[in-house]
Amino acid sequence: MDPLNESLFDAQALGSPADLASSLAPPAAPGHFDELRGLATPAPAAVPRLGVPSQPAPLHDASSPPPAPPARPENGERGPLAPHWAGFFEQLGTEGFGDLPRRAVSLERQIRDNGVTYNVYADAGGPQRPWSLDLFPLIVPPESWASIEAGALQRVRLLDRILADVYGPQQVLAEGLLPPALVQGNPGYLRAMHGVRPPGDTWLRIAALDLARGPDGNWWVVSQRTQAPSGLGYLLENRLAIARQFPQAFEALQVQRLAATYNAMMEGLQSMCPAGQPPHIVLLTPGPYNETYFEHAYIARYLGITLVEGNDLTVRDQRLYLKTLQGLRPVHGLIKRLDDQFLDPLELRADSTLGVPGLLQAIRAGNVLLANTPGSAFLESPALLGFLPALSRRLLGEKLLLPALPTWWCGERAAMEAVLPQLAGCTIKPTYPGEEGHAGFETQLGSRLSRRELDEWAGRIVRAGEEYTVQNYLPISQMPTWEQDLGTGHIVPRSVLLRVFAVCVGPQSWRVLPGGLARLAGADAQIASMQRGGSSADVWVQTRGEVDRTTRLQVHTTPASLARHRAPVTSRAAENMYWLGRYTERAENAVRLARLTLDLLSGEDPSSPALLTWLHDMAWRNALVPRDVPSLPRSRRVFERALVAELADIDEGGSVGYSLRCVRQAAAAVRERLSPDHWNQIVRAESEFMRRSAEQAGERADGGYASAAALRMLESTSAALAAMTGAQTDRMTRDDAWRLLSIGRHIERLAFLSSALAAGFEIGSVHDVSGFEAMVGLFDSTITFHARYQQRRDVATLVDLLVLDGDNPRSLAWVTQTLRGRIARLAGSAPGKLTALSYELPDPAAWTLEHLCEPGPDADYGELMQLLETCETAAYHVSDAIGIRYFTLTSESLHSVGA
């Protein structure tokens, strides 16, 4: 074992934990600031520093010179740790470094169990992956944070005033302080917002700045995010996870808490909402396939607001409403998490299905507050950074406290000619990132380009200079990270980018969140990006004063405040819960039918022609076999092979694989309503089924016969579905969303079982012993039947158990009665009182055994057959009525609540 790793478990050998950390942790790469030791290092001589003064602009009042940074130890020695990092390692506890591998494993398990994900569109392994969080936090001492805080507050004031001017008098354009091409030529500039005055005369309510620390120890602005900056939810999860791993250090270092700033933000939004007491605020998400959807659900839950998608909202008479099960509910404030161009298909992108038609008109009418007000996208262009110092002097009368990296927009000939010879020492960025009709490319590091590639980029810049922005390259600081390997793990320095957030707490008033989201570059990367395989770290901001221990938990509650915490069930969530129930039941029915069929076909006892015909009819009706498959009585083996082959066909609406996929998709749309265990059950059930199906397909291709393997796979899937049913039945709150899930399951069950029983009587399979047993098995009632009726095999016993038994959850009477009651509760009726929609289902109280078992003139049990047809028809009719009343909100009973 390496001697350093041996000493990992013997801190006494090298002194204190801080001394041990200093010995074990490699220094930052040459030319990078070392966060662990607080060392300022000069930039490498080989990297040109175009336009950077010998002494960068200070981060504080220029009248007081900055303290001199500590000098790097000579001869490559590893110097002592910075005081705040020394304090952190001294608080590791009695186990010291030897406990870090356990904490890393615990952290990874916590992230996985909490279901924290970051979706990567380009990930070939699937859209979801666990959130990546490092074990060590980035620690920011009070003096450094004071400079960041002051600079961030000044910059957000400046950006807000730029928006007010650009969408108002446009003096900065008239005076030439901003090129029109960067404003009106940017697709992010929305002409429809010109002349709008947002509530509180405040445009920016949430803004983010990406900061990097240079080799000299100073912080520089790299970029700014104003449309829908991400990170406010992930940093909360990071804080909870890391504080749990290092509770002693968290307390000892006096880390500032976050809840007070979130409280102030929500109070500020509520105070500026145009109407409503209390105002109704929602969070608009693009949906579960967005890369940061977990964060959307997490922050909405933390703030106590409703998570909605575009089709949850509608605009009526220039007012925004939320479509709920109780009708339209006014919305007064909207925190948006999608880009401006997708907000309103009437005035912006016509192909957008994520926004709300008419939303911009509601904003112009002053009836809704948006965070942020649409139209700020042009501020995210890196080209604007070079114009902000002059704009600050003009609009604020102040010099910028927090400098940005030197930036040149190549749309200006003088800037282009000055920067072209220096491309090797710069980064090349698109002026209009992510905008259609403009050059789109990944940020290019000049130091990694060959001479030929540099010449090619220079040619592109000359031909269309306005599309390119060049920014000085900055070797960003590196912080210690923990890399868990097969051994004991070790400390590795990684480049870090810090995102800080300023949130609006009142008209023209902002507050900087005392924390942030640290993004770490990958092992071989120089750019910190989650999309490029980077990681994240918690940010601990220290304070020398008293720690604000404000919490989001309400100590004193009232009935009214508790009622406000009951989030409304949106029509979209309700529809997905309804179909989650239907597809779960449909998957169970398909699995049971497929198992029953394969069991009978692989058995040694011959099956009656009537039973085979019934099995073929049921499999064909439920799309378990292709329509052109030979009939089961004529070709048993061909039918069996076709059934096995179709089990995982996700293109057919009745296959088991298709139903499992639909279950997952419906569950993903309401992920925030499901427990982690329930969600994991759903994901595992589908992935395991598809994996085993693929293995069987390979065996069949090799000439193997997969009937027995298919049965084992179906048994495993049946167990997984039973676990899902248990989670849905016993581990979900009985609100309207759950009632719709339950209604969906019972509608599917009523239609399936009614059609199966009707087909059995019509074909005559129930009159044979094997067909009789198959019917009872399909109703999942075999044990109950034999315990109650022993060896009887007549129509009366079949009808008594499968149709009339009010205690059998698979009987038609129980299903119908349950449906009638839950539909009534969904409409708000008192217990025991039914609604008009409930009466659309037949009343089991009117069914009698003598009436249903009385043979007709042709011995066809006409009354029973009519009842079965009525049940199946009523199930589909009620399903349509529920969709109209609760999902599309087009029924005549539509009304507005709470206006």
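One can find the structure itself at the top, above this paragraph.
Quick caveat: nothing in here was measured; it's all calculated off a predicted structure. (Residues numbered from 1 in each chain as written. Predicted model: local features only at pLDDT ≥ 70, side-chain atom pairs only at ≥ 80, totals over all residues. Heavy atoms only, no water.)

### A word on the environment of G744
Then step 1. Inspection of the secondary structure puts G744 in helix α23 (residues 736–763).
Then step 2. We classify G744 as buried; its relative accessible area is 0%.
Then step 3. Here the alpha-carbon distance between G744 and I882, two residues 138 residues apart in the chain, equals 9.9 Å. (Helix = DSSP H or I, 4+ residues; strand = E, 2+ residues; numbered from the N terminus. Buried < 20%, exposed > 50% of the residue type's maximum accessible area, 1.4 Å probe, protein only.)

### Here's the deal with unusual backbone geometry
Then step 1. Between A371 and the following residue, N372, the backbone shows a cis peptide bond with an omega angle of 0°.
Then step 2. Here N372 is to be found in the loop between β10 (369–371) and α13 (388–395).
Then step 3. Its identity is not glycine, yet Q170 carries a phi of approximately 60°, on the positive side.
Then step 4. Position of Q170 among the secondary structure elements: in the loop between α5 (142–166) and α6 (171–174).
Then step 5. Of note in the backbone geometry, A623 takes a positive phi value of approximately 60° without being a glycine.

### Some words on the packing of helix α17 (residues 571–602) against helix α22 (residues 707–730)
Then step 1. Where α17 contacts α22, the two axes come as close as 9 Å, and the packing angle between them is 150°. Regarding the angle of α17 to α22, the classification is roughly antiparallel. Considering only the axes of α17 and α22, their crossing is left-handed. Listed contacts from α22 to L580, T584, A587, E588, V591, A594, R595, L598, D599 and S602 of α17 are S707, A710, L711, L714, E715, T717, S718, L721, A722, T725 and Q728.
Then step 2. In terms of residue class, the contact of α17 with α22 is made up of 10 nonpolar, 7 polar and 4 charged. (Axes fitted to C-alpha atoms, helices over the stretch in contact; angles between N-to-C directions. Parallel < 35°, antiparallel > 145°, perpendicular 65-115°, else oblique. Left-handed = near helix turned anticlockwise from the far one by under 90°. Contact = heavy atoms within 4.5 Å. Nonpolar A, V, L, I, M, F, W, Y, C, P; charged D, E, K, R; others polar.)

### Concerning the nonpolar core
Then step 1. Ranked by size, the top nonpolar core spans 142 residues in total, and within it F88, F89, F136, I162, F246 and Y262 carry the most contacts.
Then step 2. Among the elements that line this core, the one with the most residues is α5, at 9 residues.
Then step 3. Counting residues in each nonpolar core, the second largest holds 104 residues, with A574, L598, V625 and F639 among its members. (Core = buried A, V, L, I, M, F, W, Y, C linked by side-chain atoms within 4.5 Å.)

### Quick notes on the sheet that holds strand β9 (residues 333–336)
By way of backbone hydrogen bonds, the strands of a sheet pair with one another, either parallel or antiparallel.
Then step 1. Strand order in the open sheet made by the 4 strands is β5-β4-β9-β10, with parallel pairing throughout. A strand with exactly one partner marks an edge of an open sheet, and here the two such strands are β5 (306–308) and β10. Ignoring strand direction, the axes of neighbouring strands in this sheet form an average angle of 25°.
Then step 2. Alignment of β9 against β10, held across 3 bridges, turns out to be parallel. Each bridged residue has a counterpart across the sheet, and for L334 the counterpart in β10 is L370.
Then step 3. Sitting on the sheet, helix α11 (residues 293–303) is in contact with β4 (281–284), β5 and β9, with an inclination near 150° to β5. (Pairing = 2+ DSSP bridges.)

### Here we look at the sheet that holds strand β8 (residues 327–330)
Then step 1. In spatial order, the strands read β6-β7-β8; together these 3 strands make up an open sheet with antiparallel pairing. Each of the sheet's edge strands pairs with one partner strand only, and the pair in question is β6 (313–316) and β8. Between one strand axis and the next, the sheet turns by 45° as a mean value, whatever way the strands run.
Then step 2. Here 4 bridges tie β6 to strand β7 (residues 319–324), and the two strands are oriented antiparallel to one another. Paired with R316 across the bridge in β7 is R319.

### Details of the pattern of salt bridges
Then step 1. Under the criterion given, the structure shown has 45 salt bridges.
Then step 2. A salt bridge links R239 to D538; its shortest N-O distance comes to 3.0 Å. In this pair, R239 sits in helix α8 (residues 234–245) while D538 sits in the loop between β19 (535–537) and β20 (539–541), placing the two residues 299 residues apart along the sequence.
Then step 3. Owing to a relative accessible area of 7%, R239 belongs among the buried residues under this scheme.
Then step 4. On the accessibility criterion, D538 (2% relative accessible area) is buried.
Then step 5. Note that E585 and R745 form a salt bridge whose closest N and O atoms lie 2.9 Å from each other. Placement of E585 in helix α17 and of R745 in helix α23 is noted, with a sequence separation of 160 residues between them. Across this residue pair, the class does not change: E585 and R745 are buried.
Then step 6. Linked through salt bridges whose partners overlap, the residues forming this network are E585, E588, R592, R745, R749 and R810. (Salt bridge = Lys/Arg side-chain N within 4 Å of Asp/Glu carboxyl O.)

### Quick notes on the packing of aromatic side chains
Then step 1. Scanning the entire structure with this criterion turns up 27 aromatic pairs.
Then step 2. A centroid spacing of 6.5 Å and a plane angle of 70° characterise the contact between Y189 and F378, whose relative ring orientation is edge-to-face. Residue Y189 is found in the loop between α7 (180–183) and β2 (206–213), and its partner F378 is found in the loop between β10 and α13; the two are separated by 189 residues along the sequence. By the burial criterion, Y189 is buried, and F378 matches it.
Then step 3. An angle of 25° between the planes, with centres 5.4 Å apart, marks the rings of F441 and Y468 as stacked. Pair noted here: F441 is in the loop between β12 (426–430) and β13 (444–445) and Y468 is in strand β14 (residues 468–472), with a separation of 27 residues, a long-range link. Take F441 and Y468: they sit in the same class, and that class is buried.
Then step 4. In this structure an aromatic cluster arises from ring pairing among W85, F88, F89, F97, F136, F246, F250, W482 and W540.
Then step 5. The ring of W457 carries the charged tip of R460 above its face, separated from the ring centre by 4.4 Å.
Then step 6. Lying across the ring of W738, R734 places its NZ or CZ 4.2 Å from the centre. (Phe/Tyr/Trp six-rings, centres within 6.5 Å; stacked < 30°, edge-to-face > 60°. Lys NZ or Arg CZ within 6 Å of the ring centre and 35° of its normal.)

### What about the environment of N311?
Then step 1. Mapping N311 onto the fold places it in the loop between β5 and β6.
Then step 2. Sequence separation between N311 and R572 is 261 residues; the distance between their C-alpha atoms is 7.1 Å.
Then step 3. In this view, N311 contacts K323 and R572; residues no more than four positions away in its chain are not counted.

### Re the side chain of N367
Then step 1. For N367, the location among the structural elements is in the loop between α12 (359–364) and β10.
Then step 2. Assessed through its relative accessible area of 17%, N367 is described here as buried.
Then step 3. Of note is the side chain of N367, whose polar atom sits 2.7 Å from the backbone oxygen of Q318.
Then step 4. Among all residues touching N367, those that are not within four sequence positions of it are P274, Q318, R319, V331 and A362. (Polar contact = N/O pair within 3.5 Å; in protein donor to acceptor, adjacent residues only side chain to side chain.)

### Examining α8
Each turn of an α-helix holds 3.6 residues, which means side chains three or four residues apart point in the same direction.
Then step 1. Its 12 residues place the ends of α8 17 Å apart at the C-alpha level, agreeing with the 16 Å of an ideal helix rising 1.5 Å per residue.
Then step 2. Along α8, 10 of the 12 residues are buried, which leaves the element largely enclosed by surrounding structure.
Then step 3. Within α8, burial applies to Y234, L235, L236, E237, N238, R239, A241, I242, A243 and Q245. (Expected span 1.5 Å × (residues − 1).)

### Some words on the packing of α23 against helix α29 (residues 862–887)
Then step 1. Viewed as axis vectors pointing N to C, α23 and α29 meet at an angle of 155°, and their least axial separation amounts to 9 Å. If you check the angle between α23 and α29, you find them roughly antiparallel. Crossing handedness for the pair α23 and α29: left-handed. Residues L740, I743, I747, L750, A751, S754, S755, L757, A758, F761 and E762 of α23 touch α29, and the partners they reach there are L864, M865, L868, C871, E872, A875, Y876, V878, S879, I882 and F887.
Then step 2. Partitioning the contact of α23 with α29 into residue classes produces 17 nonpolar, 3 polar and 2 charged.

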